[in-house]
Amino acid sequence: MTDIRQIPVREFFKNPEKSGFDLSPNGQYISFLAPYKDRMNIHVQQIGSQKVNRITNVTERDIAGYFWADDERIVYLRDNGGDENYYLTAIDKNGENERALTQFDNVRTQLIDDLEDFPDEVIVGLNKRNPEVFDAYRLNLSTAELHMIAENPGNIVGWLTDHEGALRVAMTSDGVNTTLLHRKNEDEDFKPLLTTNFKESASPLFFTFDNKNLYASSNLGRDKSAIVVLDTETGKEIEKIYEHPDVDVSSLSYSKKRKVLSGIAYTTWKTQRTFLDQEAEIRYQWLKSQLGEDEVSITSHNKDEDKFIVRTHSDRSLGAYYFYDQSAQTLEKLVEVSPWLKKEEMAEMKPITYSSRDGLTIHAYLTLPLGKKAENLPLVVNPHGGPWVRDTWGFNPEVQFLANRGYAVLQMNYRGSTGYGKAFWEASFKQWGLKMQDDISDGVQHLIDEGIADAKKVAIYGGSYGGYATLAGLSFTPELYACGVDYVGVSNLFTFMQTIPPYWKPMLEMMYEMVGHPEEMKEQFEQTSPALQAHKIKAPLLIAQGAKDPRVNKAESDQIVRALKERGIDVDYLVKENEGHGFHNEENRFEFYEEMEKFLAKHLA
């Protein structure tokens, strides 16, 4: 077989050349994130000019996100060392008048509405008054003055504005039941519109253009979520816009300027689109004709909707950004995101399915190393975090790094993964370490039976819930794995449930329903907590943890490390004091993946 170049680890995990492009509302300026002292900072460039002005200089941690407040000002989001207590800072487009707006001790900022038509204001949620819940405030970007427009009585878990920026919808939860509240204007009290058990949902997306009713993604009376219109007088579904027989549909886009629905996006094995507007479809098809086989998406546009930022990507490339001027019908390439990674050196990510032992169809992705026959390969199993999200088709630097080192990589959407309907999601309830883990084990066995994987050279690696699945795999099926890598993973279900962030507390009853109740299910939790079953682990383990992780506390990793070291099991432990739930700082990513490379090479040889 052909020799494949071994690409240096850091090329997979270094910061992109430029990313996060955005257009100013007037379409005259492009902003983007680019590295400065190894941290992603905001840069601004006038269209048609070669001059680039870096306007921020954060050096502790990448900027988490940003947006244009108006043609002169940008607002960005950051936290402290990964604690996820995000706060907003405003800065002029020339880098002057920088001002922290919502920086309070142990307070997290949520952006509810950037109020595009009100350039001096945004609506934010803050857990300033009570750490467990978020009140809604209007924030003046010039003065930093906060005005509470809705006090959270203790059960509101989400807010929604209408097209004029009025806060008119709230979602409450008692932990098990969800109620949609509505009001006609901000002077009225919220009134219940629709109550459902959390297993069913009618999630509001945005108001109809007359601000009367709501577009929503709803699975009421059906297994798969569909796009519908909800009557705000009765809470009833009055129109079904779109549904798909196999997957949930939850994405609906629209033109704010022309006040028309433009399209639906949903994910089967990759993103699919259905257009509801001819202009949007013509634009998309023209861009596809110019940009070839890669996926194409519009990531930003100006207020007049005639200038656009376009992004391409695929399973083998992070793609490029383009500036599209629709009036002039010109398409200009702005940057290759990671030009040092060559598409022809990357592996294809292909969809596969297999059956679980109790008959469910599990959808998965298999990436095979280039230049090797699909037989008797060392395998890295990579269950996703969440767990109530899903893996999707696209470029994944971890997967490409592993494939480049000669490993096959299996990513499965085990039961509970979202997007496959209500029944598939509910099949995961109270199944951590049980049927959810069986789905992972069954995927390994499928590849062994197919002759693709070498049964003696299987590793498991995952982050967050995927980290739990790694520890569970090594504990409950020790014969299956030669080694494991746990990245910010849960090890003890009892302590995990006791240390969730305060703003998760309103959802605690739902967590009990989905994960289990530590008192009522004491025996099961003891059996499915890897830290309490560490005596069953035989394989070597690498653990990585952020010291400031608010979701999976460092104590989760400490417990399993202590338990294993007491038994003399080989465990490498990497802790970073300036990280939270995952390593975001470039130098920490480098160290982690370099350690992983050595670890896997040693134990899968």
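**Some details on the pattern of salt bridges**
Here the structure, examined in full by the defined rule, presents 40 salt bridges. Residue E72 is joined to K93 by a salt bridge in which the shortest nitrogen-to-oxygen separation is 2.6 Å. Here the residue E72 occupies a position in the loop between β5 (65-68) and β6 (73-78), and K93 occupies one in the loop between β7 (87-92) and β8 (99-100), the gap between them amounting to 21 residues. Where E243 meets R222, a salt bridge forms, and the shortest distance between an N and an O atom there is 3.7 Å. In this pair, E243 is assigned in the loop between β20 (237-242) and β21 (251-255) and R222 in the loop between β18 (214-218) and β19 (226-230), connecting sequence segments 21 residues apart.

**Things to note about the environment of I227**
By secondary structure assignment, the location of I227 is in strand β19. Judged by relative accessible area, which is 0%, I227 ranks as buried. Along the backbone, I227 and H313 are 86 residues apart, and their C-alpha atoms lie at a distance of 26 Å. Once you skip the residues sitting within four places of it in the chain, I227 turns out to touch L205, A216, S217, K240, I241, Y242, V249, S250, S251, L252 and I264.

**Brief notes about the sheet that holds strand β3 (residues 39-46)**
Here we have four strands laid out as an open sheet, ordered β1-β2-β3-β4, and antiparallel in their pairing. Only two strands of the sheet have a single neighbouring strand rather than two, namely β1 (19-23) and β4 (52-54). The mean inter-strand angle of the sheet, taken between neighbouring strand axes irrespective of direction, is 30°. Pairing analysis gives eight bridges linking strand β2 (residues 29-36) to β3, with the strands arranged antiparallel.

**A short note on the packing of helix α3 (residues 397-404) against helix α11 (residues 586-603)**
Following both chains from N to C, one finds α3 and α11 inclined at 35°, their axes separated by 12 Å at the closest point. Handedness of the α3/α11 crossing: right-handed. Judged by residue contacts, E398, F401 and L402 of α3 engage Y593, M596, E597 and L600 from α11. A breakdown of the residues in the contact of α3 with α11 according to their chemical character gives five nonpolar, no polar and two charged.

**Topic: α3**
Of all eight residues in α3, seven are buried, a share of seventy percent or more. Turning to α3, its buried residues are E398, V399, Q400, F401, L402, A403 and N404. Positive phi appears at G406, one or two residues downstream of α3, with a value of about 95°.

**Let's talk about the sheet that holds strand β17 (residues 202-207)**
Whether parallel or antiparallel, the strands of a sheet pair through hydrogen bonds between backbone atoms. On the basis of which strands lie adjacent, the open sheet formed by four strands has the order β17-β18-β19-β20 and antiparallel pairing. Both outer strands of the open sheet, β17 and β20, are each paired with one neighbouring strand and no more. Looking at each pair of strands side by side, their axes are set apart by 35° on average, direction ignored. Judged from the four bridges that link them, β19 and β20 form a sheet pairing that is antiparallel. Residue pairing for β20: I227 is matched across the bridge by Y242.

**Section: the packing of helix α5 (residues 435-449) against helix α6 (residues 465-476)**
It is at 11 Å that the axes of α5 and α6 come closest, and there the two elements cross at 75°. Accordingly, the angle class assigned to the pair α5 and α6 is roughly perpendicular. Contacts from M436, Q437 and I440 of α5 reach α6 at Y465, A469, A472 and G473. The residue makeup of the contact of α5 with α6, split by class, is five nonpolar, two polar and no charged.

**Brief notes about helix α2 (residues 278-291)**
Each α-helix turn comprises 3.6 residues. Residues three or four places apart therefore point the same way. Between its first and last C-alpha atoms α2 spans 20 Å; for 14 residues at 1.5 Å apiece the expected length is 20 Å, and the two agree. Those residues of α2 that fall on the buried side of the exposure criterion are A280, R283, Y284, L287 and L291. Down the axis of α2, the buried set is contained in an arc of 95°. They therefore lie on one face. Exposed and oriented more than 90 degrees from the buried face of α2 are Q278, I282 and S289. Structurally, α2 contributes buried residues whose contacts are with β22 (260-267), β23 (271-275), β24 (295-301), β25 (307-313), β26 (320-325) and β27 (330-336). One or two positions beyond α2, positive phi appears at G292, with a value near 85°.

**Some remarks on unusual backbone geometry**
Here G386 and P387 are connected by a cis peptide whose omega angle stands at -5°. Checked against the element boundaries, P387 lands in the loop between β30 (377-381) and α3. Of note, the phi angle at K259 is positive, near 55°, even though the residue is not glycine. Along the chain, the position of K259 falls in the loop between β21 and β22. Its identity as a non-glycine residue notwithstanding, V488 has a phi of 45°, on the positive side.

Procedures and definitions
- Residues numbered from 1 in each chain as written.
- Predicted model: local features only at pLDDT ≥ 70, side-chain atom pairs only at ≥ 80, totals over all residues.
- Heavy atoms only, no water.
- Salt bridge = Lys/Arg side-chain N within 4 Å of Asp/Glu carboxyl O.
- Helix = DSSP H or I, 4+ residues; strand = E, 2+ residues; numbered from the N terminus.
- Buried < 20%, exposed > 50% of the residue type's maximum accessible area, 1.4 Å probe, protein only.
- Contact = heavy atoms within 4.5 Å.
- Pairing = 2+ DSSP bridges.
- Axes fitted to C-alpha atoms, helices over the stretch in contact; angles between N-to-C directions.
- Left-handed = near helix turned anticlockwise from the far one by under 90°.
- Nonpolar A, V, L, I, M, F, W, Y, C, P; charged D, E, K, R; others polar.
- Parallel < 35°, antiparallel > 145°, perpendicular 65-115°, else oblique.
- Expected span 1.5 Å × (residues − 1).
- Arc of directions from axis to C-beta.

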